[in-house]
Amino acid sequence: MTDTNDTRPHMPLGLAQRGYTGVIQHLSAREAGSALSDIELESRLIELGFVEGARVEVLHEGLVGRDPIAVRVDSITIAVRRREAMAVIVA
Amino acid sequence: MELPLLHLALVGTPNSGKTSLFNALTGSRQKVANYPGVTVERKEGFFVTPLGRQVSVVDLPGTYSLRGRSPDEEITRDFVLGKASGETVPDLVLCVADSTNLRLTIRLLLELKRTGRPMVLVLNMFDIAARRGITVDVERLAKELGLPVVTSIAVRRGGTANLLKLTDEISAKLAAEAEASSWRALSVSELRATQREADRIIADCVSLPARPDTWTARIDAVVLHPVGGLVVLTLILFVMFQAVFAWAQPAMDLLKSGFDALGELVQATLPDGLLQSFLQNGVISGVGSVIVFLPQIILIFLFILLLEDFGYMARAAFLMDRIMGGAGLHGRAFIPLLSSFACAIPGIMATRVIDNKRDRLTTILIAPLMTCSARIPVYTLIISAFIPAKDVWGFINLQGLVMFGLYAAGIASALVVSFLIKFFMLRDFAPAPFMLELPDYKMPRLKSIAIGIYTRAKMFLVRAGTTIFSMMVLIWFLASFPQPPAGATEPAIEFSLAAMIGKALEPLLAPVGFNWQIAVALIPGMAAREVAVAALGTVYAIEGGKEAAEQIGQVLATKWSLATALSMLAWYIFAPQCASTLAVIRRETGSWAWMAVTFTYMLVLAYAASLLTYNVAVALGAG
Ligand SMILES: Nc1nc2c(ncn2[C@@H]2O[C@H](COP(=O)(O)OP(=O)(O)OP(=O)(O)O)[C@@H](O)[C@H]2O)c(=O)[nH]1
Ligand SMILES: [Mg+2]
């Protein structure tokens, strides 16, 4: 099982490998470089359940550049591109 | 006193079963499928509650919030907030939730509460929740949320009984004046707080077993494998096109011999003359030659419906996202494009789920390049007349292979066009994000597949009976009049209006290898692609007399060169031969200009492709 205590380094979900599991620490849209504005990106991520404390697991990744990724967020599976997933900081 | 009509609205996150519920309540047959973003329009239906109250219910596109990020979500927002012009605000909002996945819906519900509309939470898909061992403390949930909560199973008979009962109870005591709406778009921190609140309520009222859907995980391990997944996707598409060719044949043969028998009967019972010619050449050879393709159309719809109901479509979008991104397309464009294999019209409508305007426009422009089912008759007719039905490498049917090639050519050209659009017109924009929920797989439901196929088959037959039939009457008339002078030795059609028109156009089309008969068929073929087949059937039947009345394929094989046939196939990959598609493009883009652009670019491509194909084929000796 995953160790989710504070000692784990924080990292963007966008860099996580397949099989990674962790807990969302915070959102940081500024670092993502998405086409969306920071506020819009953050709103959308929250609307899809990416909020602090949610458990995430990277289930699948695409072929080209291992992108997009399919992420289990608590009870649902969401496909996102790594670029947007950079805004989700996990540990 | 007669009570006024009660207005309900179905709101909820995508894929939570709103349309299924709508169908269950009203007995309608709106499209239901297992991926987010099926419904993109507002649909109203009516029913009567057990206590006799007249109710109007409106099905809306699914949405995660009221912010209205894409055209479909705007429809929902405007309706709920009463912004849609000439619409009454709903008396009661039914917030429909997928019980296996409450987090996002409860947050949406907390947001919806601010609109001040009376509301009910409908815990739909309760059967799946029960099967997975999810238990919901309904009473407690109702208390926490401060509104009534009912469970429902939209796809089971009687599964909406609780909801109907509740509707009666509520409608009896609905306040005449609802609260004023205090809704405004939530700030990020409000959103976050709402989601926290939702999570707290769920933690209090719902117990989740730590047992996700293992079937979905197992299937996804194969289907979403970076390489394996693409192999599976290619295989599915390949089998689909092979099947359309191979499996439909027996049923088509049966239909064909049925029409042949009918033609002979008409010939045997009616005296020679105009009536006989009209029935035999206009109706049976014309409309009949299109109806013969019903089995193939059913088969392609069957495949697409199965994939949609199973839950594969969202996966395909996932697999194709980056690959299509290379051509400047958005991953969300995949589902609209795949539905365009059935028909471009629903495909173009489905682009409403794409929030980025440029991505949406690009998808609309290339959707007609996907090989829609109306091209099947044209392709099949020519392929079976000109391509030998032999096997290559022992197991692949050559005709099926050519068919697959035509589909592939459509896809490839769509990608190229999209790439060019990105390159020349809409340069330098950052790719819009791709975020899509991947729903759990569901066993396709026999009833919904059957209804889907029935609706499509009916549409096809109605079209054959109306558009195609009236075009056929016109063509038969043009091909039969004026009648030849007495003592003429050439075939009667040589004297007809059709021949005059066709021959006037022939010089234009001669470079691509089309004769005047094809020219005649192409014009009414603008109304609908299949009309061309019917028109060829009629023209050649009248020209060839009684012997040629049937077997249009064999007639073509003797009258056309292989180069002409190939050129015709190339033409149909591109040609904008469908008035309804153009009308939908005009409506969805809100602009005549984009419609004109689509028409022109497709026509130019068609002509160029045919020109190239014909000349290469002639050079290779197929002239
Ligand atoms: N087992 C079960 N399946 C259901 C139930 N309700 C809906 N479904 C299935 O869930 C899927 C989604 O249903 P839809 O009615 O299309 O969902 P929707 O909310 O209209 O979706 P959008 O229009 O995309 O927002 C379909 O595959 C339905 O067959 C239910 O109560 N039980
Ligand atoms: Mg729907």
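The rules we used
Residues numbered from 1 in each chain as written. Chains lettered and ligands numbered in written order. Predicted model: local features only at pLDDT ≥ 70, side-chain atom pairs only at ≥ 80, totals over all residues. Heavy atoms only, no water. UniProt positions renumbered as here; feature names shortened; annotations may be inferred. Helix = DSSP H or I, 4+ residues; strand = E, 2+ residues; numbered from the N terminus. Buried < 20%, exposed > 50% of the residue type's maximum accessible area, 1.4 Å probe, protein only. Contact = heavy atoms within 4.5 Å. Areas by Shrake-Rupley, 256 points an atom, 1.4 Å probe, with all protein chains shown as cover. Lys, Arg positive; Asp, Glu negative; His and termini not counted. Charge placed at Lys NZ, Arg CZ, Asp CG, Glu CD. Pairing = 2+ DSSP bridges. Axes fitted to C-alpha atoms, helices over the stretch in contact; angles between N-to-C directions. Near = heavy atom within 4 Å. Polar contact = N/O pair within 3.5 Å; in protein donor to acceptor, adjacent residues only side chain to side chain. Nonpolar A, V, L, I, M, F, W, Y, C, P; charged D, E, K, R; others polar. Donors = N, O, S within 2.8 Å, 3.2 Å for Na, K, Ca; no water. Domains from an automatic or database assignment. Left-handed = near helix turned anticlockwise from the far one by under 90°. Buried area = accessible area lost by both parts, 1.4 Å probe. Salt bridge = Lys/Arg side-chain N within 4 Å of Asp/Glu carboxyl O. Phe/Tyr/Trp six-rings, centres within 6.5 Å; stacked < 30°, edge-to-face > 60°. Lys NZ or Arg CZ within 6 Å of the ring centre and 35° of its normal.

The name an unreviewed UniProt entry gives chain B is Fe(2+) transporter FeoB, with Bradyrhizobium frederickii as the organism. According to the UniProt record, the Subcellular location (unreviewed entry) comment for chain B reads "Cell inner membrane".

Under an unreviewed UniProt entry, the name given to chain A is Ferrous iron transport protein A, and the source organism is Bradyrhizobium frederickii.

What follows deals with the overall build of chain B. Regarding its fold elements, chain B presents 26 helices and 11 strands. Each principal axis of the C-alpha atoms in chain B carries an extent, and together these give about 90 × 60 × 45 Å. Relative to its 623 residues, chain B shows a buried fraction of 57%. When contacts within chain B are restricted to residue pairs at least 6 apart in sequence, long-range pairs at least 24 apart make up 74% of them. Here chain B has roughly 25400 Å² of accessible surface; of this, 65% comes from carbon and sulfur atoms. Side chains of chain B carry 53 positive and 47 negative charges; the gap between the two charge centres is 5 Å.

Moving on, we come to the sheet that holds strand S11 (residues 435–437) of chain B. Ordered in space as S1(A)-S6(A)-S2(A)-S3(A)-S4(A)-S5(A)-S11(B), the 7 strands form an open sheet in which the pairing is antiparallel. For this open sheet the edge positions go to strand S1 (11–12) of chain A together with S11 of chain B, each flanked by a neighbour on one side alone. Alignment of strand S2 (residues 21–27) of chain A against strand S3 (residues 55–61) of chain A, held across 3 bridges, turns out to be antiparallel. Looking at S3(A), one finds that Gly22(A) is bridged to Val56(A). Set on the sheet, helix H13 (residues 312–325) of chain B makes contact with S3, strand S4 (69–73) and strand S5 (76–80) of chain A together with S11 of chain B; between it and S11(B) the angle comes to about 155 degrees.

Now for the UniProt feature "transmembrane region" (unreviewed entry) in chain B. Residues and elements named next belong to chain B. Feature annotation in UniProt places "transmembrane region" (unreviewed entry) on residues 227–248, 283–307, 327–349, 361–389, 401–425, 460–479, 560–585 and 592–614, given in this structure's numbering. Secondary structure over residues 283–307 splits into 92% helix and 0% strand, and the C-alpha atoms at its two ends are 36 Å apart. For the annotated span residues 460–479, helix accounts for 100% and strand for 0% of the residues, and the straight-line distance between the end C-alpha atoms is 25 Å.

Before going further, it helps to spend a moment on the site of ligand 1. Residue and element names in this part refer to chain B. The immediate surroundings of ligand 1 are formed by 25 residues, with Lys 18, Thr 19, Ser 20, Val 38 and Thr 39 found nearest. Contact between ligand 1 and Asn 15: an oxygen atom at 3.1 Å from a main-chain N or O atom of the residue. The backbone of Ala 33 places a nitrogen or oxygen atom 3.3 Å from an oxygen atom of ligand 1. Across the complex, the protein chains shield 97% of the 660 Å² of accessible surface that ligand 1 would expose by itself. Listing elements by their share of the shell around ligand 1, those giving two or more residues are helix H1 (18–26) and helix H4 (126–132). It is H1 that provides the largest number of residues to the shell around ligand 1, a total of 3 residues. Across the shell around ligand 1, the residue classes break down as 11 nonpolar, 10 polar and 4 charged.

With that settled, the discussion passes to the coordination of the magnesium ion (ligand 2). For the magnesium ion (ligand 2), the full set of protein donor atoms is Thr19(B) (OG1) and Thr39(B) (OG1), at a range of 1.9 Å. Of this pair, Thr19(B) sits in helix H1 while Thr39(B) sits in the loop between H1 and strand S2 (43–48), and the two are 20 residues apart along the sequence.

Moving on, we come to the domain arrangement of chain B. Split by domain assignment, chain B resolves into domain 1 (6–207) and domain 2 (456–560). Look at where the C-alpha atoms of domain 1 of chain B and domain 2 of chain B centre, and you get two points 54 Å apart.

Another aspect to go through is the UniProt feature "domain: Ferrous iron transporter FeoA-like" (unreviewed entry) in chain A. As recorded in UniProt, the sites labelled "domain: Ferrous iron transporter FeoA-like" (unreviewed entry) are residues 11–91 of chain A. What you have in residues 11–91 of chain A is 17% helix and 36% strand, and the ends, taken at the C-alpha atoms, are 6 Å apart.

Residues and elements named next belong to chain B. Orientation of helix H12 (residues 294–310) relative to helix H19 (residues 446–480), taken along the N-to-C sense of each, is 145 degrees, at an axis distance of 9 Å. Relative to H19, the crossing made by H12 is right-handed. Between H12 and H19, the contacting residues are Leu 294, Ile 297, Ile 298, Phe 301, Leu 302, Leu 305, Leu 306 and Asp 309 on the first element and Ser 448, Ile 449, Gly 452, Ile 453, Arg 456, Ala 457, Phe 460 and Leu 461 on the second. Here the residues of the contact of H12 with H19 are counted per class, giving 12 nonpolar, 2 polar and 2 charged.

Across the boundary between the two partners, chain A contributes 38 residues, which contact 39 residues of chain B. Counting the surface lost from both chain A and chain B, the interface buries some 3500 Å², and carbon and sulfur atoms represent 60% of this. On the chain A side of the interface with chain B, the three residues burying the most area are Arg44(A), Glu47(A) and Arg81(A), jointly 21% of the side's total. In this structure, the connection of chain A to chain B is made through 10 salt bridges. Glu42(A) is paired through a salt bridge with Arg192(B); the nearest N and O atoms lie 2.8 Å apart. Taken together, the connections running from chain A to chain B amount to 12 residue pairs in polar contact (both at pLDDT 80 or more). With 9 residues, the single largest contributor to the side of chain A that touches chain B is helix H1 (residues 38–47) of chain A. For the side of chain A that touches chain B, the per-class residue count stands at 20 nonpolar, 6 polar and 12 charged.

Residues and elements named next belong to chain B. Running from amino to carboxyl end, helix H8 (residues 214–223) crosses H13 at an angle of 35 degrees, the nearest separation of the two axes being 12 Å. When you trace H8 past H13, the crossing you get is right-handed. Residues Thr 216, Asp 220 and Val 223 of H8 form the contact with H13, whose participating residues are Tyr 312, Arg 315 and Leu 319.

Here we come to the packing of aromatic side chains. What describes a pair of aromatic rings is the distance from one ring centre to the other and the angle between the planes of the rings. Residue and element names in this part refer to chain B. Counted under the stated rule, the structure contains 8 aromatic pairs over all chains. A centroid spacing of 6.2 Å and a plane angle of 15 degrees characterise the contact between Phe 419 and Phe 423, whose relative ring orientation is stacked. Here Phe 419 and its partner Phe 423 are both found in helix H18 (residues 398–425), 4 residues apart, which amounts to about one turn of the helix. For Phe 423, a relative accessible area of 41% puts it in the partly exposed group. One residue, Arg 586, lies across the ring of Trp 592, its end atom 4.6 Å from the ring centre.

Our focus in this paragraph is the pairing of strand S4 (residues 92–98) of chain B. All names here are of chain B. The buried fraction of S4 amounts to 7 of the 7 residues, a majority that puts the element mostly inside the structure. The side-chain alternation of S4 yields two buried faces, one formed by Leu 92, Leu 94, Val 96 and Asp 98 and the other by Val 93, Cys 95 and Ala 97. Where strand S1 (residues 6–12) meets S4, 5 bridges bridge the pair, whose relative direction is parallel. Its bridge partner being in S4, Val 11 is matched across the sheet by Cys 95.

Residues and elements named next belong to chain B. By the secondary structure assignment, Ile 585 is in helix H25 (residues 579–589). Residue classification places Ile 585 among the buried positions, given a relative accessible area of 0%. Once the C-alpha coordinates of Ile 585 and Gly 537 are considered, the two residues, 48 residues apart in sequence, prove to be 30 Å apart. For Ile 585, the residues in contact, after removing those within four places along its chain, are Ile 348, Ile 364, Pro 368, Gly 590, Trp 594, Met 595 and Thr 598.

Residues and elements named next belong to chain B. Following the criterion strictly, the structure yields 32 salt bridges over all chains and no others. Here Glu 144 ties to Arg 140 by a salt bridge, and the two come within 3.9 Å at their closest N and O atoms. Here Glu 144 pairs with Arg 140, and both are found in helix H5 (residues 138–145), just 4 residues apart, close to one helical turn. Judged by relative accessible area, which is 27%, Glu 144 ranks as partly exposed. Of the residues examined, Arg 140 reaches a relative accessible area of 37% and is grouped as partly exposed.

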